[in-house]
Amino acid sequence: MGGATEIFLGLGGGERQSLNLSRANRHGMIAGATGTGKTVTLQGLAESFSANGVPVFVADVKGDLAGISMSGSPKFKHADKLEERARELGMDDYAYSDNPAIFWDLYGKQGHPIRTTISEMGPLLLARLMDLNDTQEGVLNIVFRYADEQGLLLLNLDDLQSMLAHTADNAKELSAKYGNVSRASIGAIQRQLLSLDSQGAGQFFGEPALEIDDFIQCDDQGRGYINVLAADQLMRSPKLYATFLLWLLAELFESLPEVGDPEKPKLVFFFDEAHLLFDDAPKALEDKIEQVVRLIRSKGVGVYFVTQNPIDIPEEVAGQLGNRVQHALRAFTPKDKRAIKAAADTFRINPELDVEEAITELRTGEALVSTLLEDGAPSIVQRTLIKPPRSRLGSVTVKERAIIGSISPFDGKYDEEIDRKSAEEMLLQKATDAAATAKEVEEKGEEEVRKRPRKTKSIWEKAFSRGAKVAAGSAAAMAASAMLGKKSRANPMQSGVTSVVGSIATDLAGPVAGRFVRNLIGGLMR
């Protein structure tokens with residue numbers, strides 16, 4: 001199956017309905033009312049992508065997708081219905097099987113913890129997460145700018161709280177340089193941070209930060225890993241859930257190279273409860289989401305929105321979703337009727353099918369399917385019986401989850417949090433040094449104190465100090481090699497510069513800063 005060019009979805013109109021792998025990065029949508037079979041469709045799709053060597057990310061909102069890691073069984077609930085459906089579809093090769101899976105959890109309870117730093121999240125998404133108004137968002141941008149200029153690492157919520165307090169203490173000076181920084185705005189941001197922390201968001205910020213490439217892995221059989229995010233608890237904080245997934249998309253967009261339209265996607269991303277991304281989102285953020293969705297396909301990433309109502313997705317985004325699976329909708333209210341008409345209007349017309357009527361008549365496991373053909377045109381919509389998954393429908397036991405975790409390729413990599421010296425500690429050290437200096441001035445006089453070196457080194461001083469030590473060490477190693485008759489290609493000056501670059505990049509904490517410094521030093525060395 002690994003060399004296939006398409007994924008079998010089911011039978012409709014007397015023909016096989018399939019998803020072309022070379023068009024799978026053109027995004028898609030799975031929609032339908034509760035209980036109509038969206039999760040089963042999602043699970044079957046994820047299995048097929050994995051079998052074809054495509055890694056998958058999926059949020060397990062209800063706790064029933066973790067079973068994708070385990071083989072199905074004739075003894076499990078609904079097994080008879082799945083087997084009957086397979087026979088109806090003529091799936092002679094149907095057999096239960098498991099899938100390679102990695103469990104993740106922002107809270108670290110049901111899988112590997114996922115973390116990022118405050119700096120990597122950035123002020124825009126943080127402002128969205130905290131529901132800040134324009135004025136407060138402007139102040140948060142100033143805080144980030146000031147922290148960057150001072151070389152203060154913003155890794156976790158404590159760092160940001162310390163930076164906000166420091167900004168408040170220096171509001172007058174900062175206002176003169178950056179614009180108005182009011183204590184009221186800072187106080188509002190601090191209160192929102194406390195609220196975030198009480199919701200458990202503090203566990204999401206810190207190190208080791210997630211390496212995005214870890215989501216794009218295959219097992220030793222060439223099957224793509226299915227990354228399952230435990231989101232049942234996370235859903236209690238819907239704003240955090242939506243912001244996290246948007247951050248993840250942005251990280252993928254920034255880190256992956258351009259590949260155009262590959263033979264198959266590099267990663268497929270299923271966004272369950274997709275309406276949460278757009279609820280109360282300002283127009284500027286919607287535009288950003290639309291831009292990322294539109295452009296990320298050229299990075300080989302397919303994004304599939306899973307939602308109850310297709311009108312939950314803004315038109316600008318829905319227009320990017322070429323592959324569609326529409327399960328049944330119920331027409332109880334005028335809004336429901338509008339949703340049915342909107343859903344029907346998105347499909348390529350089938351003269352033999354009344355789409356609006358069919359949407360309300362679909363039984364569980366049936367859907368209206370239209371996918372992109374090889375030439376990029378949408379196929380004619382067909383009423384389709386969706387294939388059954390081969391893995392377990394439902395959750396896993398605590399013991400099974402632990403076993404899957406123990407054989408994960410990332411076992412032990414993210415489990416222990418690292419707390420290195422960052423803004424909180426550095427600001428505390430500065431305050432301590434300032435108090436000690438004030439006392440010293442009182443005892444010895446200002447002129448005498450000015451003669452001694454400063455107590456707290458800048459990031460540049462620390463970096464070049466480290467570089468000098470590395471250069472000295474490399475020179476000593478070369479001398480020792482010469483005495484022992486061994487050849488060495490090491491260049492002490494180059495090693496020292498490399499160490500300086502790495503130190504500054506680490507202290508500035510960010511890929512952009514790292515690239516800037518490396519380019520700067522590289523230009524100076526030419």
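In this text the structure is predicted, and so the values were computed from the model without any measurement.

A short note on the overall build of the protein
A tally of regular secondary structure across the protein gives 19 helices and 12 strands. Taking all 526 residues of the protein together, 51% fall into the buried category. Restricting the contact set of the protein to residue pairs at least 6 apart, pairs at least 24 apart contribute 75%. Accessible surface computed for the protein: about 25200 Å², of which carbon and sulfur atoms make up 51%.

Considering the layout of surface pockets
One number sums up the size of the second largest pocket: a volume of about 790 Å³. Where the lining of the second largest pocket is concerned, the elements lending two or more residues are helix H1 (38-51), helix H2 (79-88), strand E9 (301-307) and strand E12 (382-386). Top contributing element to the lining of the second largest pocket by residue count: H1, with 6 residues. Within the lining of the second largest pocket, the residues separate by chemical class into 7 nonpolar, 14 polar and 11 charged.

Observations concerning helix H5 (residues 157-169)
Between its first and last C-alpha atoms H5 spans 18 Å; for 13 residues at 1.5 Å apiece the expected length is 18 Å, and the two agree. Considered for burial, the residues of H5 that qualify are Leu157, Asp159, Leu160, Gln161, Ser162, Met163, Leu164, Thr167 and Ala168. The opening residue of H5, the one whose side-chain oxygen lies 3.2 Å from the backbone nitrogen of Asp158, is Asn156.

Quick word on the environment of Asp158
Along the polypeptide, Asp158 turns up in helix H5. Spatially, the C-alpha atoms of Asp158 and Ile118 are 9.9 Å apart, while their sequence positions differ by 40 residues.

Thoughts on the nonpolar core
The nonpolar side chains of a soluble globular protein tend to be buried with one another. Membership of the largest hydrophobic core comes to 87 residues, with the highest contact counts inside it found for Leu126, Tyr241, Phe244 and Phe305. Of all hydrophobic cores here, the second largest spans 30 residues; its members include Val56, Val228, Val325 and Ile386.

Overview of the sheet that holds strand E4 (residues 56-60)
If you walk across this open sheet you meet the 12 strands as E2-E1-E12-E11-E10-E3-E9-E8-E4-E7-E5-E6, and the pairing is mixed. The open sheet has two free edges, formed respectively by strand E2 (15-20) and strand E6 (112-113), since each of these has just one partner strand. Note: strand E3 (residues 28-31) against E9, 4 bridges, orientation parallel. Paired with Ala31 across the strands is Thr307, a residue of E9.

Remarks on unusual backbone geometry
Omega for the peptide link from Glu207 to Pro208 comes to 5 degrees, which places this bond in the cis form. For Pro208, the position within the fold is in the loop between helix H7 (183-198) and strand E7 (226-230). At Glu273, a residue that is not glycine, the phi angle is positive and equals roughly 50 degrees. Along the chain, Glu273 falls in the loop between strand E8 (267-272) and helix H9 (275-278).

Describing the confidence of the model for the protein
With 82% of its residues at a pLDDT of 70 or more, the protein shows a mean pLDDT of 83. Overall, residues 465-526 carries pLDDT values under 50, and its contacts beyond four positions in sequence, including any with other chains, amount to 51 contacts.

Remarks on the environment of Glu137
In this fold, Glu137 is placed in helix H4 (residues 134-150). Given a relative accessible area of 22%, Glu137 falls into the partly exposed group. Remark: the alpha-carbon pair of Glu137 and Ile186, spanning 49 residues in sequence, is separated by 10.0 Å. Apart from the residues within four sequence positions on either side, Glu137 is in contact with Leu124, Ala127 and Leu132.

Topic: the side chain of His27
Here His27 is to be found in the loop between E2 and E3. The contacts of His27, once residues within four sequence positions are left out, are Val293, Ile296, Arg297, Val301, Gly302, Val303, Tyr304, Gln320, Leu321, Gly322 and Asn323.

Considering the environment of Glu47
Note on placement: Glu47 falls in helix H1. Judged by relative accessible area, Glu47 falls into the buried class, the value being 8%. When the C-alpha atoms of Glu47 and Ser97 are compared, they prove to be 9.6 Å apart, with 50 residues separating the residues in sequence. Among all residues touching Glu47, those that are not within four sequence positions of it are Ile68, Asn99, Ile226, Pro389, Arg390 and Ser391. Polar contacts involving the side chain of Glu47 include one to the main-chain amide nitrogen of Arg390, which spans 2.9 Å.

Thoughts on helix H10 (residues 283-296)
An ideal rise of 1.5 Å per residue puts 20 Å on 14 residues; H10 measures up with 20 Å between its terminal C-alpha atoms. Of all the residues in H10, the buried ones are Leu285, Ile289, Glu290, Val292, Val293 and Ile296. The arc that holds every buried residue of H10, seen down its axis, measures 165 degrees, which confines them to one face. Across from the buried face of H10, at angles greater than 90 degrees, the exposed residues are Lys283 and Ala284. Buried residues along H10 sit in contact with helix H3 (118-129), helix H8 (238-255), H9, E9 and helix H11 (315-318).

Quick word on the pattern of salt bridges
Taken as a whole, this structure holds 18 salt bridges when the rule is applied. Note that Lys177 is salt-bridged to Glu149, the shortest N-O span being 3.2 Å. Separated by 28 residues along the polypeptide, Lys177 in helix H6 (residues 171-178) and Glu149 in helix H4 bring together distant segments of the chain. Residue Lys177 is classed as exposed on the basis of its relative accessible area of 57%. Residue Glu211 pairs with Lys413 through a salt bridge whose shortest N-O separation is 3.3 Å. Taken together, the residues span a long stretch of sequence, with Glu211 in the loop between H7 and E7 and Lys413 in the loop between helix H14 (398-406) and helix H15 (423-444) at a distance of 202 residues. Overall, the relative accessible area of 33% leaves Lys413 in the partly exposed class. Where salt bridges share partners, they join Glu88, Glu361, Arg363, Glu366 and Arg383 into one cluster.

Conventions we followed
Residues numbered from 1 in each chain as written. Predicted model: local features only at pLDDT ≥ 70, side-chain atom pairs only at ≥ 80, totals over all residues. Heavy atoms only, no water. Helix = DSSP H or I, 4+ residues; strand = E, 2+ residues; numbered from the N terminus. Buried < 20%, exposed > 50% of the residue type's maximum accessible area, 1.4 Å probe, protein only. Contact = heavy atoms within 4.5 Å. Areas by Shrake-Rupley, 256 points an atom, 1.4 Å probe, with all protein chains shown as cover. 1 Å grid on protein atoms, 1.4 Å probe; cavity = no way out; pocket = protein on both sides within 12 Å on 5 of 7 lines; lining within 4 Å. Points joined across faces, edges and corners; volume = space filled by probe spheres on them. Nonpolar A, V, L, I, M, F, W, Y, C, P; charged D, E, K, R; others polar. Expected span 1.5 Å × (residues − 1). Polar contact = N/O pair within 3.5 Å; in protein donor to acceptor, adjacent residues only side chain to side chain. Core = buried A, V, L, I, M, F, W, Y, C linked by side-chain atoms within 4.5 Å. Pairing = 2+ DSSP bridges. pLDDT = per-residue confidence, 0-100. Arc of directions from axis to C-beta. Salt bridge = Lys/Arg side-chain N within 4 Å of Asp/Glu carboxyl O.

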